[in-house]
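What follows is the residue order along each chain.
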There are 2 protein chains.
Amino acid sequence: MLSYKAPLRDMKFLLNDVFDFQKHYKDLSNGANADPETVDMILQGMADFAENILSPLYQPADAEGCHFENGVVTTPKGFKDAYNQFVEGGWQGISYPEEYGGMNLPMSLNLIKSEMMGTANWPWAMYPGLTTGCINTLMQYGTEEQKDTYLPKLIEGTWSGTMCLTEPQAGTDLGQVKTKAVPQEDGSYTLNGTKIFISSGEHDLTDNIIHIVLARLPDAPEGTRGISLFIVPKFNINEEGEAGERNGVSCGSIEHKMGIASSATCVLNFDNAKGYLIGEPNRGLKAMFTFMNTARIGTGIQGLAHCELAFQNALPYAKERRSMRTLSGTKEPEKVADAIINHADVRRMLLTMKAFAEGGRSMIYHAARYADKMSQGVAENNNEEFEKWDDKLGFYTPILKGFLTELAIEAAKEGQQVYGGHGYIKEWGMELIARDARISTLYEGTTGVQALDLLGRKVILQSKGKIIRDYTSSIMKWCGEYALDKNMRKFVWALTKLCAEWNTLTVRLMLSARKDREIISAASVDYLMYSGYIMMAYHWARMAAVAYDKLENGGVEAPEFYKAKIQTAEFYFDKILPRTSGHAESMVAPSSSMTDMDIEHFAFLD
Amino acid sequence: MLSYKAPLRDMKFLLNDVFDFQKHYKDLSNGANADPETVDMILQGMADFAENILSPLYQPADAEGCHFENGVVTTPKGFKDAYNQFVEGGWQGISYPEEYGGMNLPMSLNLIKSEMMGTANWPWAMYPGLTTGCINTLMQYGTEEQKDTYLPKLIEGTWSGTMCLTEPQAGTDLGQVKTKAVPQEDGSYTLNGTKIFISSGEHDLTDNIIHIVLARLPDAPEGTRGISLFIVPKFNINEEGEAGERNGVSCGSIEHKMGIASSATCVLNFDNAKGYLIGEPNRGLKAMFTFMNTARIGTGIQGLAHCELAFQNALPYAKERRSMRTLSGTKEPEKVADAIINHADVRRMLLTMKAFAEGGRSMIYHAARYADKMSQGVAENNNEEFEKWDDKLGFYTPILKGFLTELAIEAAKEGQQVYGGHGYIKEWGMELIARDARISTLYEGTTGVQALDLLGRKVILQSKGKIIRDYTSSIMKWCGEYALDKNMRKFVWALTKLCAEWNTLTVRLMLSARKDREIISAASVDYLMYSGYIMMAYHWARMAAVAYDKLENGGVEAPEFYKAKIQTAEFYFDKILPRTSGHAESMVAPSSSMTDMDIEHFAFLD
């Protein structure tokens, strides 16, 4: 059976030692709420909930799955009880304004909450997770009346939310959306169309479900410039502000999927559903994209979550399972064989998962500080502030989402490998992590979409490489401080060399792209992974620097804790970071090896 | 729905143009049976069976799974009918001697048969596949009486076989096997113990199941030197030579697994089961290992199978699904969006699967010629001949098994990526390929076990690097022939450089290992993957050379066929082969990054 223990010591190492969140909170208007005692209370409270309530439900709920009958979706046993406790604890609203019933804590605490919930039980965590997207949309684009109508219940958690984008013919390419919205005399709209892949689109956890729906007005231009955003509640809101009559939106079926079986993925049919325009007409896609950053950090957290869970559950097995003798000599002569954790290759797998989880956490927490400032901009209706931080986040999110989820697939796989054949058996649960991790590179934009966003949009189109020059120069500046530090030398040299190469490759790709447009697409996934490995290396170097400092100057943790951080950093630089070489070589290959083949000549099967 | 079409043109390209199997068959005593007409008949007959009978059963059988009730296993609907047709076609025995009812065709044709069956429906193919292991054991170690008793029915297919190795505490480390075998006065043995993970251990396809079981004699020494091999039939054989009374072996349960749900993975309980010693006492493990090569090629074929199936089913979707416009300009202005096959990154994924499938097939067919000679040695009781070819195969098998199955996991993943969110939905079937492929790096020895076999045993212990010197010098000799060939230059230069590096790295690892034994384990998986990528590059270079030759001198295929081979080779060298760089850097890192961490300091979760 899988289990989860919140890695509070690792989390606090980042919050206190690496990033000094208390200092960061001092710059936030709502930062004073996040004093050390409150942060501790949130961490401990969520750890208890995740470990004791969510984690035990994870495997049984997968086996049971969601039930669908006559348009009604029933979540697995225990999900509703857990959700009620979540609502009672006020967890949905911790980072939303007090005027709507929230606790007005910085958004970073909400992300750390998501990390714990998601690691314990990702599919369960998707229900409140989707609500977050809905709340964010309303916060930024809703009228005062809309906010007053929906936010208190959503922030309380008694209502939940969805984001309805995808249609059968339109996934990544939302310009193909066909759902129609026709204005009515009362100012509302009548929606008709079909949405698919709607997570939490229908379920039994809340009294109402508020759908945020992409649709077209009758006079809308074609393509992406003709998409508007609508609020469509499952139950229309009555005069008391409660869920009233059923609206014309219903669940046609739920998908049978490889994993996240206890998260209901719905086909939603809009049959003359009553909806309300949110934001400006035909500007729906722009509104949607402003929340992409948050949604993508959320999926990046899924990457971290599965790395952590795979690691936590592979470790005890590696300590208990005995097989063969270690190459360097018998380690446990009194036993029939050595525990497999003694084999270097098993350690390689464990350390890979560990390095991914802890490195990924550092990357997420770093970005969480930008998210704090961005959402403060929203809460204070300060659009300039929002855009400033949203822009900054825009560089990180495709990497967090694209790179960390790819690592999660690898970590989940290594977790299974540690178990040998048992890694394939449902009872042990390692295969569940692998199945659930698998969705993370597909939804919220595939890895390919993230990669194109990074290289094509953020690096080349929007900044002509400046974004990389800025980021690498900040790394190099940091490295400069450690250039003479004997302990840190190996890390800073490797990083400096890679920063130089990263710039060179970026320029080379920009030059190539003038004649070979397709190289941007051909190189993009290599570029994404390359960037991710260097970014994670920078985080590991920073963690190592802090650990060395704490070892020399005394930290709150035992020395072994800091030593293990340094050892993991060394492992990362020795065994993971070399992967950049292959990506560097591959990304500069001209696109012709991909584009030359005639479509009809890919296969000769007749 | 998934579908399968046997890639006969690709197969014949290898059989006729790249390897000239007809010439190779002339050197085999049973080669005359494999005249071109017979080979064609076998290929076409099996293609029909795989495409029309096995392939349509694949997805429904996964959804249904195997049924277990009161010790009885029922296979999914249609499995038994398909199996009966397989028996009627005489397919089980195509490569076994005529005296036992076989067709005495070279073993390579049996492997190609397995490829087609396995690509169409891997879990179904495991039932006859396990029988092969049982037949091979009997062929080589059985007494004449044992052969006469079991082989005709097994080769006919009316009986099936298993290999019973694993126990709850003993997987890779078979020295820990506990099952006991006590000699009886009648010359038989009484077996008691529990075996797990026994594929095809119980099912409803055949009249009897012949288990080959690893167990210990009462006076056996501890560890691997005290393991003997036994034949334990499910039904004892009566005087008519038919299945008679039930023996004391029963199925306790079947596993619930991530995939291969329609292959029954059984717990087998031996309760005073009657067994017969096969081969010498206490030499069972050696006997077992002599068949490892064949079993591992079989799993290597699984790697090829899933790469091919993922490719075949991603391709039509990529041609039909429309999303966005291509970076280099609109390709289909009359359509709402371009087919995604126009995007370079989608082509990268398709070509990755294609390059893995066709490159893997070439590697398998190359090894199949050694398997031909090895099994001729067995059929003719020529142990010297058997060992000679078994030895040669020993270098290839950990690579075929370890490397190709890792590629299959990647190919299956890319297949899902091409489908976006639909890749996660059961209906489309891409997720099934991913789940089924996932077992392949776990059973028959994990990737780590293959890697240690390659680097630790085959390269260092047994040959002190000679095996790599020999292999690379054969590649370099081949490259030399093309050094002045303008077309081939880019391939042979890259290969030559890598051959030199492969030798250098091998020597470097051997030297390091004198002081740092654990580096062999720490480097092994990098070394395996590195070796695999170079081996596959050599195969792609050879295919390219043949294709250039056919283009210039006229081949039987249309020029586009040969052009596509060259383009795929170019893609492989541009986008896949650079991965060797990362593995090369990583493998020489000292083991200390893995071994230094104290076992108790991997995690701090309290």
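This one's a predicted model, so the numbers in the text were calculated from it and none came from an experiment.

1. So, the packing of helix H8 (residues 292-320) of chain A against helix H10 (residues 383-418) of chain A
Packed helices, taken two at a time, are described by their axes: the angle between them and the distance between them.
Residue and element names in this part refer to chain A.
Right, so step 1: Two elements in contact, H8 and H10, have axes separated by 7 Å at closest approach and are oriented at 25°. Taken together, the axes of H8 and H10 lie roughly parallel to each other. The handedness of the crossing between H8 and H10 is left-handed.
Right, so step 2: Residue composition of the contact of H8 with H10, by class: 14 nonpolar, nine polar and three charged.

2. Points about the packing of aromatic side chains
The geometry of an aromatic ring pair comes down to the distance between the two centres and the angle between the two planes.
Residues and elements named next belong to chain A.
Right, so step 1: One pass over the full model with this rule turns up 60 aromatic pairs over all chains.
Right, so step 2: Of the aromatic side chains, those joined through ring pairs into one cluster are Tyr370, Trp389, Phe395, Tyr396, Tyr471, Trp478, Tyr482, Trp502, Tyr530 and Tyr538.
Right, so step 3: Arg246 extends its terminal NZ or CZ atom over the ring of Phe235, reaching a point 5.5 Å from the ring centre.

3. Considerations on helix H9 (residues 344-379) of chain A
All names here are of chain A.
Right, so step 1: Along its 36 residues, H9 runs 51 Å from first to last C-alpha, staying within 8% of the 52 Å computed at 1.5 Å per residue.
Right, so step 2: By the criterion of burial, H9 is predominantly enclosed, with 35 of the 36 residues buried.
Right, so step 3: Backbone geometry just after H9 places Asn381 at a positive phi near 50°.

4. Quick look at the relation of the copies chain B and chain A
Right, so step 1: Aligned on chain A, chain B shows an RMSD of 0.0 Å; the corresponding rotation is 180° and the shift along the axis is 0.0 Å. The superposition operator between the copies reduces to a two-fold rotation axis.
Right, so step 2: With an isologous cut-off of 70% or more, the 100% of interface residues of chain B that recur at the interface of chain A puts this contact in the isologous class.

5. Comments concerning unusual backbone geometry
Right, so step 1: Backbone geometry at Asn70(B) places phi at a positive 50°, although glycine is not the residue there.
Right, so step 2: Looking at the element boundaries, Asn70(B) is found in the loop between strand E1 (67-69) and strand E2 (72-74).

6. Some thoughts on the domain arrangement of chain A
Residue and element names in this part refer to chain A.
Right, so step 1: When its domains are assigned, chain A resolves into domain 1 (8-147), domain 2 (160-284), domain 3 (291-445) and domain 4 (464-590).
Right, so step 2: Relative placement of domain 1 and domain 4: their C-alpha centres are 31 Å apart.
Right, so step 3: On the side of domain 4, nine residues touch domain 1, which itself brings seven residues to the contact.
Right, so step 4: Taken as a group, Arg9, Phe13 and Asp17 account for 62% of the area that domain 1 buries against domain 4, more than any other trio of residues on that side.
Right, so step 5: Applying the counting rule to domain 1 against domain 4 returns three salt bridges.
Right, so step 6: Between Asp17 and Lys550 there is a salt bridge, with its nearest N and O atoms 3.7 Å apart.
Right, so step 7: Linking domain 1 with domain 4 are two residue pairs in polar contact (both at pLDDT 80 or more), by the criterion used here.

7. A word on the pattern of salt bridges
Residue and element names in this part refer to chain A.
Right, so step 1: Throughout the structure, instances matching the rule amount to 62 salt bridges over all chains.
Right, so step 2: The partner of Glu308 in a salt bridge is Arg361, with the nearest N and O atoms 2.9 Å apart. In this pair, Glu308 is assigned in helix H8 and Arg361 in helix H9, connecting sequence segments 53 residues apart. The same class applies to Glu308 and to Arg361, which are both buried.
Right, so step 3: As a salt-bridge pair, Arg435 and Glu431 come within 2.7 Å of each other at their nearest N and O atoms. Linking Arg435 with Glu431, this pair stays in helix H11 (residues 430-437), spanning four residues, or about one helical turn.

8. Section: the interface of chain B and chain A
Right, so step 1: The partner chain A presents 106 residues to the 106 residues of chain B that form the contact.
Right, so step 2: A per-residue breakdown of the area chain B buries against chain A is headed by Tyr424(B), Phe602(B) and Phe604(B), which together make up 10% of the total.
Right, so step 3: Across the pair Lys575(B) and Asp526(A) runs a salt bridge, and its minimum N-O distance is 3.4 Å.
Right, so step 4: Between the two partners, chain B and chain A, sit 52 residue pairs in polar contact (both at pLDDT 80 or more).
Right, so step 5: Ranked by residue count, the leading element in the side of chain B that touches chain A is helix H16 (residues 559-576) of chain B, at nine residues.

9. Points about the pairing of strand E11 (residues 265-278) of chain B
All names here are of chain B.
Right, so step 1: By the bridge criterion, eight bridges tie strand E5 (residues 189-199) to E11 in an arrangement that is antiparallel. Its bridge partner being in E11, Thr194 is matched across the sheet by Asn269.
Right, so step 2: Relative to E11, strand E7 (residues 228-233) is paired through three bridges, and the arrangement is antiparallel. Its bridge partner lying in E11, Phe230 is registered against Leu277.

10. Observations concerning the UniProt feature "domain: Acyl-CoA oxidase/dehydrogenase middle" (unreviewed entry) in chain A
Right, so step 1: UniProt feature "domain: Acyl-CoA oxidase/dehydrogenase middle" (unreviewed entry): in the numbering of this structure it lies at residues 163-272 of chain A.
Right, so step 2: The straight-line gap between the two end C-alpha atoms of residues 163-272 of chain A is 19 Å; of that span, 0% is helix and 47% is strand.

11. Details of the environment of Lys274(B)
All names here are of chain B.
Right, so step 1: By the secondary structure assignment, Lys274 is in strand E11.
Right, so step 2: A sequence separation of 151 residues divides Lys274 from Pro123, and the C-alpha atoms of the two residues are 29 Å apart.
Right, so step 3: Among residues more than four places away in sequence, those in contact with Lys274 are Asp186, Ser188, Tyr189, Ile231, Val232, Pro233, Asn236 and Asn247.
Right, so step 4: A polar side-chain atom of Lys274 sits 3.0 Å from a polar atom in the side chain of Asp186.

12. Observations concerning the pairing of strand E9 (residues 243-246) of chain B
Right, so step 1: As paired strands, strand E8 (residues 235-237) of chain B and E9(B) are joined by two bridges and run antiparallel to one another. Residue Phe235(B) lies in a different strand from E9(B), and its bridge partner there is Arg246(B).

Conventions adopted
- Residues numbered from 1 in each chain as written.
- Chains lettered and ligands numbered in written order.
- Predicted model: local features only at pLDDT ≥ 70, side-chain atom pairs only at ≥ 80, totals over all residues.
- Heavy atoms only, no water.
- Axes fitted to C-alpha atoms, helices over the stretch in contact; angles between N-to-C directions.
- Helix = DSSP H or I, 4+ residues; strand = E, 2+ residues; numbered from the N terminus.
- Parallel < 35°, antiparallel > 145°, perpendicular 65-115°, else oblique.
- Left-handed = near helix turned anticlockwise from the far one by under 90°.
- Nonpolar A, V, L, I, M, F, W, Y, C, P; charged D, E, K, R; others polar.
- Phe/Tyr/Trp six-rings, centres within 6.5 Å; stacked < 30°, edge-to-face > 60°.
- Lys NZ or Arg CZ within 6 Å of the ring centre and 35° of its normal.
- Expected span 1.5 Å × (residues − 1).
- Buried < 20%, exposed > 50% of the residue type's maximum accessible area, 1.4 Å probe, protein only.
- Least-squares fit on C-alpha atoms with pLDDT ≥ 70 in both.
- Contact = heavy atoms within 4.5 Å.
- Domains from an automatic or database assignment.
- Buried area = accessible area lost by both parts, 1.4 Å probe.
- Salt bridge = Lys/Arg side-chain N within 4 Å of Asp/Glu carboxyl O.
- Polar contact = N/O pair within 3.5 Å; in protein donor to acceptor, adjacent residues only side chain to side chain.
- Pairing = 2+ DSSP bridges.
- UniProt positions renumbered as here; feature names shortened; annotations may be inferred.

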